[in-house]
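Take a look at the letters that make up each chain.
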Amino acid sequence: MEIELKPATKYERKIFYKEEWNYKDIPDFITESITSREFGFDHIGNGPNDRYKVFRDGLHLGRFIKVKQPFAAYVSVAYYNKPQRREGWQMSELVFDVDAKDIPVRTCECSEGQVCDKCLNQAKDIVLMINDTLKSDLGLHNINMVYSGRGYHVRVLDENVMEASSDLRGDIVQYIVGAKIPQINTSSDATKLKPSSIPYGYPKNFIKWSRYSIDHLTKDTKIDVNRKLLLDTLKYRSLLSEFDYWGPFIAKIGPRRINDLMNAISRINMGITDTKVSIDLKRILRLPSTLHSKVSMKSTLIKNIETFDPFDDAVPEFVYDRK
C-alpha cells in the first residue's frame, strides 16, 4: 500500500488518540524529567499557542492529550526550576534537527514543502553520519533519535553538553557537519586540503560532508556559484577522494575557483541541520509518540536507526483504513 502523506482529519486525530496512542509510549528520557519540562500544544493547526503547560507525571499528561486530541504536541528540550514560567533554566538537550523538506542537496522530485521516501531516506543517511561523529569524535553516548514526521531529531542528553551555552552549541554544530573550511593548498601542485592550525576534526569533517554534498549535487541544485563552476564540479566529482587527497579534483577546478566552491559547499553543509534549533536553549520539539497531523505520521522514538523505516514503523492505523 502506498502511504499518502496528507493531513489528518479531526476525526482521524480522535481515533488515533482514543484507540492507538498511550502515554506509556512517551520515551523515558522525557517522563523521567517531566516535572522540569514545559509542554506546548497546537489545537487547530496554526502552531503551538497553548504553552507553559506542566504535568506532574505521564498519566496526567496522557489524560490531557486523550481529551484534547491536539493537532500537535510539543515538549521543551530545556529543564527548568519553574517550567510553567520558563524560569530557572538548568540545562537543555543538544539537538540536531534534520527535516527532509529542507535538505539543501536533496535529489528527489518533491515540490517545495513536501517529502517522499527518497528524501526521508536521505535524511536518515544524514542522521547516521551525525550520530557516528557525535560518538567517535566527541565521545557522546546518551543519544536519542526520533522520527519527527517529516525528518529526524537527534537529541543528546550527555551531561557535559547539556549545560553548554548557545555559542558553544553553534561551534559543535559547525564541527559535526563540517562547516569550517580548512586551509587549502593552492600552490602549483595543488595537492591536499591542509589541516594547518585548525583542530583535527574540522578538515576531516569538512572533507566528509563536502564529498557527501558534492555527490548529491545536480545541475538544478541551488548553489551560490556560477553555472560553469557547478557543471565543472559535476563533471569532475569522480576525482574526489574519500579522504584528504583532492589534488586531481582541485587541478581540474583550478586553484582560484576552488575557494568559491568550498565557500559555497560550506554554506550547504551548514544547512544540513537547522542550526537555530541546535542553539536555542528554550526550544520545544514535537513530543515523541504523538501525531504529526500535517502528514498523518507518528513522531517515533527509534530503537534501531539502521532498520527503521518510517513507512513501516511510524504509520498510524487509521491511514490503512482510508479509502
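Treat the numbers as computed from the prediction; the structure is a model and nothing was measured. (Residues numbered from 1 in each chain as written. Predicted model: local features only at pLDDT ≥ 70, side-chain atom pairs only at ≥ 80, totals over all residues. Heavy atoms only, no water.)

**Section: the pattern of salt bridges**
Under the definition given, this model contains 15 salt bridges. Measuring nitrogen to oxygen at the nearest pair gives 3.1 Å for the salt bridge that ties Asp215 to Arg211. One end of the pair is Asp215 and the other is Arg211, both in helix 7 (residues 201–215) and four residues apart, which spans about a single turn. Across the salt bridge formed by Asp232 and Arg257, the nearest N and O atoms sit 2.7 Å from each other. Of the two residues, Asp232 is situated in helix 8 (residues 227–236) and Arg257 in helix 10 (residues 257–270); the sequence distance between them amounts to 25 residues. (Salt bridge = Lys/Arg side-chain N within 4 Å of Asp/Glu carboxyl O. Helix = DSSP H or I, 4+ residues; strand = E, 2+ residues; numbered from the N terminus.)

**Comments concerning the packing of aromatic side chains**
To describe a pair of aromatic rings, one takes the distance between the centres and the angle between the planes. One pass over the full model with this rule turns up ten aromatic pairs. Centroid distance Phe41 to Phe64: 4.7 Å. Interplanar angle 45 degrees. Geometry classified as tilted. Linking Phe41 in strand 1 (residues 39–42) with Phe64 in helix 3 (residues 58–68), this pair joins segments that are 23 residues apart in sequence. With respect to class, Phe41 is no different from Phe64; both count as buried. (Phe/Tyr/Trp six-rings, centres within 6.5 Å; stacked < 30°, edge-to-face > 60°. Buried < 20%, exposed > 50% of the residue type's maximum accessible area, 1.4 Å probe, protein only.)

**A few points about the layout of surface pockets**
Estimates place the volume of the largest pocket at around 620 Å³. In terms of lining residues, the largest pocket is bounded by 29 residues, among which Asp97, Asp99, Arg150, His153 and Arg286 are the most central. When residues of the lining of the largest pocket are traced back to their parent elements, those giving at least two are strand 3 (72–76), strand 6 (94–99), helix 11 (275–279) and strand 11 (284–286). Tallied by class, residues from the lining of the largest pocket come to eleven nonpolar, seven polar and eleven charged. Of the voids in this model, the second largest pocket is the one considered here, and its volume is about 450 Å³. (1 Å grid on protein atoms, 1.4 Å probe; cavity = no way out; pocket = protein on both sides within 12 Å on 5 of 7 lines; lining within 4 Å. Points joined across faces, edges and corners; volume = space filled by probe spheres on them. Nonpolar A, V, L, I, M, F, W, Y, C, P; charged D, E, K, R; others polar.)

**A word on the environment of Val67**
Structurally, Val67 can be placed in helix 3. Here Val67 falls in the exposed class, since its relative accessible area comes to 65%. For the pair formed by Val67 and Lys18, sequence separation is 49 residues and the distance between their alpha carbons is 8.7 Å.

**Here we look at helix 10**
The terminal C-alpha atoms of helix 10, which comprises 14 residues, lie 20 Å apart, in line with the 20 Å expected from a rise of 1.5 Å per residue. Taken residue by residue, helix 10 has Ile258, Leu261, Met262, Ala264, Ile265, Ser266, Ile268 and Asn269 as its buried positions. (Expected span 1.5 Å × (residues − 1).)

**Some words on the pairing of strand 7 (residues 143–147)**
A large share of strand 7 lies buried, amounting to five of its five residues. Judged by which residues are buried, strand 7 turns out to be covered on both faces: Ile143, Met145 and Tyr147 on one side and Asn144 and Val146 on the other are all buried. Sheet analysis places strand 7 next to strand 8 (residues 151–156), joined by five bridges and oriented antiparallel. Each residue of the ladder has a partner; that of Met145, found in strand 8, is Val154. Connecting the antiparallel pair strand 7 and strand 8 is a turn made up of three residues, with Gly149 showing a positive phi of about 125 degrees. (Pairing = 2+ DSSP bridges.)

**Focus on the sheet that holds strand 7**
The strand order across the open sheet formed by four strands is 6-8-7-14, and the pairing between neighbours is antiparallel. Only two strands of the sheet have a single partner each, and these edge strands are strand 6 and strand 14 (300–301). The strands touched by helix 4 (residues 117–136) within the sheet are strand 6, strand 7 and strand 8, with strand 8 carrying the most contacts at an inclination of about 15 degrees. (Contact = heavy atoms within 4.5 Å. Axes fitted to C-alpha atoms, helices over the stretch in contact; angles between N-to-C directions.)

**Focus on the side chain of Ser278**
Positionally, Ser278 belongs in helix 11. When neighbours within four sequence positions are excluded, Ser278 is seen to be in contact with Leu94, Val95, Phe96, Arg169, Val173 and Thr273.

**Considering the sheet that holds strand 3**
Taken together, four strands build an open sheet; the order of strands is 2-1-3-11 and the sheet is antiparallel. Every interior strand has two partners, whereas the edge strands, strand 2 (50–53) and strand 11, have only one. Averaged over all neighbouring strand pairs, the angle between strand axes comes to 25 degrees, with direction disregarded. Both strand 3 and strand 11 contribute to a ladder of three bridges, which runs antiparallel. Bridge pairing in strand 11 links Tyr74 to Arg286.

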